[in-house]
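# A closer look at the structure
The primary structure of each chain is shown beneath.
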Amino acid sequence: MELTINIKEQKDIASFLNLIRKFDYVEIVDVKENNQDLPIEHRRLLDERIKRVENKETTFKNWDSIKNKYEEKAL
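Computed from a predicted structure; not experimentally measured.

Below, the discussion takes up the overall build of the protein. In terms of regular secondary structure, the protein is built from three helices and zero strands. Mapped in sequence order, the helices and strands of the protein form the string α-α-α. Here the C-alpha radius of gyration of the protein, 16 Å, is well above what a compact globule of 75 residues would show, namely 11 Å. For the protein, the spread of C-alpha atoms along the principal axes amounts to about 35 × 35 × 25 Å. Counting the 75 residues in the protein, one finds 1% classified as buried. For the protein, the accessible area works out to roughly 8,000 Å², and carbon and sulfur atoms hold 52% of it. In the protein, which carries 15 positive and 16 negative side-chain charges, the distance between the mean positions of the two groups comes to 5 Å.

Cut-offs used in this document
Residues numbered from 1 in each chain as written. Predicted model: local features only at pLDDT ≥ 70, side-chain atom pairs only at ≥ 80, totals over all residues. Heavy atoms only, no water. Helix = DSSP H or I, 4+ residues; strand = E, 2+ residues; numbered from the N terminus. Rg over C-alpha atoms; globule rule 2.2 N^0.38 Å. Buried < 20%, exposed > 50% of the residue type's maximum accessible area, 1.4 Å probe, protein only. Areas by Shrake-Rupley, 256 points an atom, 1.4 Å probe, with all protein chains shown as cover. Lys, Arg positive; Asp, Glu negative; His and termini not counted. Charge placed at Lys NZ, Arg CZ, Asp CG, Glu CD.

Function cannot be inferred from these measures alone, as they are strictly geometric.
See the structure below:
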């Protein structure tokens, strides 16, 4: 089965990702983002960050590990 999902609100992405965790297997084939709503300064910062990661000048951390760290502190 192939399914296309269009999520308009950024806040709804986390809810969707939590929902698909219930499935045994999910393959995300393509992600298309409409970043036209982002301020140009934000897009530049993101582009620079991606270049640094691609050039192996820096790394990134899994969002879940960062989120869990702060959720644990909140408890």
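Now that the structure is up, let's keep going.
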